[in-house]
Amino acid sequence: MFQRIIDGISASTGTTVRLTSLAAGAAFALFITTCFLCAAAFISVLNKYGPVQACLAGAGIFFLLTLTAAVSYWVYKRQLRKQAHIAAERATKSAASSMLADPMLLATGLQIVRAIGIKRLLPILAIGGVALGLMASRAGVPDEASAEPAE
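I will try to describe carefully the structure that is included in this document. Predicted model only: the values in this text are computed from it and were never measured. Throughout, residues of each chain are indexed from 1 in the direction in which the sequence is written. Residue-level local features of this predicted model are given only where pLDDT is at least 70; pairs of side-chain atoms are given and counted only at 80 or more, and the full residue set underlies all totals for whole chains, interfaces and linings. Each side-chain value is derived from all of the structure's non-hydrogen atoms; neither hydrogens nor water enter the calculation.

**Some points on helix H3 (residues 103-116)**
As a reminder, the rule being used: Helix and strand definitions follow DSSP, with helices as H or I runs of at least four residues and strands as E runs of at least two, each counted in order from the N terminus. The span one expects for a helix is its residue count, reduced by one, times 1.5 Å.
Helix length check: H3, at 14 residues, gives a terminal C-alpha distance of 20 Å against a target of 20 Å (1.5 Å per residue), a fit within 8%. Residue Gly117 follows H3 closely and has a positive phi angle near 105°.

**Here's the deal with a nonpolar patch on the surface**
For clarity, the threshold we go by: Patch membership requires more than 30% relative accessible area and the absence of a salt bridge. Residues of like charge join within 9 Å; the nonpolar side chains Val, Leu, Ile, Met, Phe, Trp and Tyr join within 5 Å. Using the Shrake-Rupley algorithm and a 1.4 Å probe, accessible areas are obtained, with residue cover drawn only from the displayed protein chains. The salt bridge definition used is simple: a Lys or Arg side-chain nitrogen within 4 Å of an Asp or Glu carboxyl oxygen. Exposed residues in this analysis have more than 50% of their type's maximum accessible area, buried residues have under 20%, and partly exposed residues fall in between, with area computed by a 1.4 Å probe over protein chains only.
Taken together, Phe28, Phe31, Ile32 and Phe36 make up a surface patch of nonpolar side chains, about 470 Å² in accessible area. Summarising the element assignment, Phe28 is placed in helix H1 (residues 2-48). On the accessibility criterion, Phe28 (57% relative accessible area) is exposed.

**Structural notes on the layout of surface pockets**
Rolling a probe over the atoms, with the probe sized like a water molecule, indicates the empty space that remains. Which entries qualify depends on this criterion: Cavities and pockets were defined on a 1 Å grid built over protein atoms only: a cavity is a set of grid points that admits a 1.4 Å probe from which the probe cannot escape, a pocket is an open set flanked by protein on both sides within 12 Å along at least five of seven lines, and lining residues are those with an atom within 4 Å of any such point. Grid points are joined across faces, edges and corners, and a volume is the space filled by probe spheres set on the points. Here the nonpolar group is Ala, Val, Leu, Ile, Met, Phe, Trp, Tyr, Cys and Pro; Asp, Glu, Lys and Arg are the charged ones; every other residue, Gly included, is treated as polar.
Looking at the second largest pocket, its volume works out to about 540 Å³. Lining of the second largest pocket is provided by 16 residues; of these, Ala23, Ala27, Leu30, Ala69 and Ser72 occupy positions nearest its centre. Those elements that provide at least two residues to the lining of the second largest pocket are H1 and helix H2 (51-100). Considering every element that reaches the lining of the second largest pocket, the biggest residue donor is H1, with 9 residues. Classifying every residue of the lining of the second largest pocket gives 11 nonpolar, 5 polar and no charged.

Following this line, the structure appears as structure tokens:
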């Protein structure tokens, strides 16, 4: 059980490190490119319109870059939240179906039925069925506390 958890953490850490290093390299290259483009735009606007307009044009370029980065970050976080929600639903459905298909659980249940008797166990099973139905119907409803992402 712990080995699976450790393997999952190791795989996600390795993937995160690789993606972070690729993103850092791309960000550095984008920064250098942006510097040269901004310098060229600044000089061009400075020669044609003057220093104030050149500074405003540079500020506008950086503002557009900031908006682009913020929107792409927002879209990425939203996509991650959606994937996590889908994975949680699949895990819940898988856990419920595997628990009911476990032969040891079924054998234990049959032994309990034999020991207690079916007539005494029927009301307990009815209450348990209602509780299981309520739990299954609540599994698809997200909590209000977990609706907001923690950062």
